[in-house]
Amino acid sequence: MYRWVLIAHNGWRWVVIVIGFAVLFCAVTRLRTGRPWDTGVARLARFFSISVDIQVLMGAALYLALSPLTTLVVASTDTPLPVGSQAYFLAVVHPLMMVAAFIAVHIASVLVRRARVDAARARRALIFYGITWLIILTGIPWWRPWIQL
Ligand code: HEM
């Protein structure tokens, strides 16, 4: 079970990154050309937030139950993990940043939906989905395999 969820969590990151990039690309083109924020882009933005939700769910399953890291985290209450180590990044920094991304993507969705005109929608999408996307890119443990098989 651990292996399958790890493979999925690893691979799904590319789905999150690519859909996030597509949303940002659409926001930039909408801003530059004045094209409307149509249902196609709105749907893409929704897929982005759903893709983050799915990734966070898998991450939580790894963190709370499946990963051997769980034991490391429990043990770290006695012996703190060295700050700056890879274990510290995976056990503390990665989950915190990704939970921040989870919150950011949902705030972004609400703000974009509540905007009154399409130009404001595109601007808010660029800013708030952009922040989400950057948090995700920064929080990924890039030293780990880029594809798990
Ligand atoms: C958009 C959100 C997230 C992305 C893009 C992401 C991405 C990744 C990637 C690429 C890895 C490396 C996988 C590998 O080594 O094959 C990883 C590992 C891990 N992630 Fe996430 N993650 C996200 C959210 C989360 C969250 C919210 C948690 C915890 C609550 C979490 C917990 C973990 C754990 C525990 C590992 C290490 C598993 C292990 O090696 O046993 N992730 N994540």
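Numbers given to residues run from 1 along each chain, matching the order in which its sequence is written. In keeping with the model being predicted, local features are shown solely for residues with a pLDDT of at least 70 and side-chain atom pairs are shown and tallied solely at 80 or more, while totals for entire chains, interfaces and linings include all residues.

Asks: Sorry, what's going on with the site of the ligand here?
Replies: Of all residues adjacent to the ligand, which total 27 residues, the nearest are Asn-10, Gly-59, Ser-67, Met-98 and Arg-144. With seven residues, helix H2 (residues 39–66) is the single largest residue contributor to the shell around the ligand. Just so you know the grouping, Ala, Val, Leu, Ile, Met, Phe, Trp, Tyr, Cys and Pro go in nonpolar, Asp, Glu, Lys and Arg go in charged, and all remaining residues, Gly too, go in polar. Here the shell around the ligand is built from residues that sort into 18 nonpolar, seven polar and two charged. Each residue gets a C-beta atom placed from its backbone. Should that atom fall within 6 Å of a molecule or strand, the residue is termed near it. In this description a helix means any DSSP run of H or I spanning at least four residues, a strand means any run of E spanning at least two, and both kinds are numbered starting from the N terminus.

Asks: Where do I start with the environment of Arg-121 in this structure?
Replies: Tracing the backbone shows Arg-121 in helix H5 (residues 118–139). Given 23 C-beta atoms within 10 Å, Arg-121 falls into the buried group. Between the C-alpha atoms of Arg-121 and Ile-54, which are 67 residues apart in sequence, the distance is 25 Å. Apart from the residues lying within four places of it in its own chain, the contact partners of Arg-121 are Trp-37, Val-112 and Ala-115. Exposed residues have 12 or fewer other C-beta atoms within 10 Å of their own C-beta, buried residues have 20 or more, and residues in between are partly exposed; the C-beta atoms are placed from the backbone. Residues are scored as being in contact if the C-beta atoms we place from backbone atoms lie within 7 Å.

Asks: How do you make sense of the nonpolar core when you look at a structure like this?
Replies: Grouped burial of nonpolar side chains is what soluble globular proteins tend to show. Counting 24 residues, the largest nonpolar core has Val-23, Ala-125 and Tyr-129 as its most contacted members. Of all the secondary-structure elements, those providing two or more residues to this core are helix H1 (2–33), H2, helix H4 (86–114) and H5. The contact partners of Ala-125, leaving out residues within four places of it in the chain, are Val-23, Ala-27, Ala-45, Ala-108 and Val-112. The term nonpolar core refers to a set of buried Ala, Val, Leu, Ile, Met, Phe, Trp, Tyr and Cys residues connected through C-beta atoms within 7 Å.

Asks: How should the packing of H2 against H4 be read in this particular structure?
Replies: Two elements in contact, H2 and H4, have axes whose closest approach is 10 Å; the angle formed by their N-to-C orientations is 155 degrees. The orientation of H2 relative to H4 falls into the category roughly antiparallel. Once H2 is placed against H4, the crossing between them reads as left-handed. When H2 is examined against H4, the residues Ala-45, Phe-48, Ser-49, Val-52, Val-56, Gly-59 and Tyr-63 are found in contact with a partner set consisting of Pro-95, Met-98, Ala-101, Phe-102, Val-105, His-106, Ser-109 and Val-112. Of the residues contributing to the contact of H2 with H4, the split by class is eleven nonpolar, four polar and no charged. For helices, the fitted axis covers only the stretch in contact; all axes are lines through C-alpha atoms, and the angles between them, taken along N-to-C directions, range from 0 to 180 degrees. Should an angle fall under 35 degrees it is taken as roughly parallel, and over 145 as roughly antiparallel, whereas 65 to 115 is taken as roughly perpendicular and any remaining angle as oblique. For any pair of crossing helices, the crossing counts as left-handed if the nearer helix is rotated counterclockwise from the farther one by less than a right angle, and right-handed if it is rotated clockwise.

Asks: So what exactly am I meant to see when it comes to the environment of Leu-31 here?
Replies: Positionally, Leu-31 belongs in helix H1. The partly exposed category is assigned to Leu-31, around which 16 C-beta atoms lie within 10 Å. Put simply, Leu-31 and Tyr-2 are 29 residues apart on the chain and 43 Å apart in space, counted from C-alpha to C-alpha.

Asks: Looking at this structure, I do not really get H5. What am I missing?
Replies: Residues separated by three or four positions in an α-helix point in the same direction, a consequence of the helix having 3.6 residues per turn. Between its terminal C-alpha atoms H5 stretches 31 Å, which fits the 32 Å expected from 22 residues at 1.5 Å a residue. All buried positions along H5 are accounted for by Arg-121, Ala-122, Arg-124, Ala-125, Leu-126, Phe-128, Tyr-129, Thr-132, Trp-133 and Ile-136. On its buried face, H5 sits against H1, H2 and H4. Any helix carries an expected span of 1.5 Å times its number of residues minus one.

Asks: Please explain the packing of H1 against H2 as it appears in this structure.
Replies: Any two packed helices are characterised by how steeply their axes cross, that is the angle between the axes, and by the distance between the axes. In the contact formed by H1 and H2, the axes pass within 8 Å of each other and the chain directions differ by 155 degrees. Classified by the angle their axes make, H1 and H2 are roughly antiparallel. In this structure, the crossing between H1 and H2 has a hand that is left-handed. Looking at the contact of H1 with H2, its residues break down into 22 nonpolar, five polar and two charged.

Asks: What exactly am I supposed to notice about H4 here?
Replies: Spanning 29 residues, H4 covers 40 Å between terminal C-alpha atoms, matching the ideal 42 Å at 1.5 Å per step. In this scheme, the bend at a residue equals the angle between the axes fitted to the seven residues that finish there and the seven that begin there. Maximal helix bending in H4 amounts to about 35 degrees, located at Val-93; proline Pro-95 follows within four positions. Among the residues making up H4, those that are buried are Ala-91, Pro-95, Met-98, Ala-101, Phe-102, Ala-104, Val-105, Ala-108, Ser-109 and Val-112. On its buried face, H4 is in contact with H2, helix H3 (69–75) and H5.

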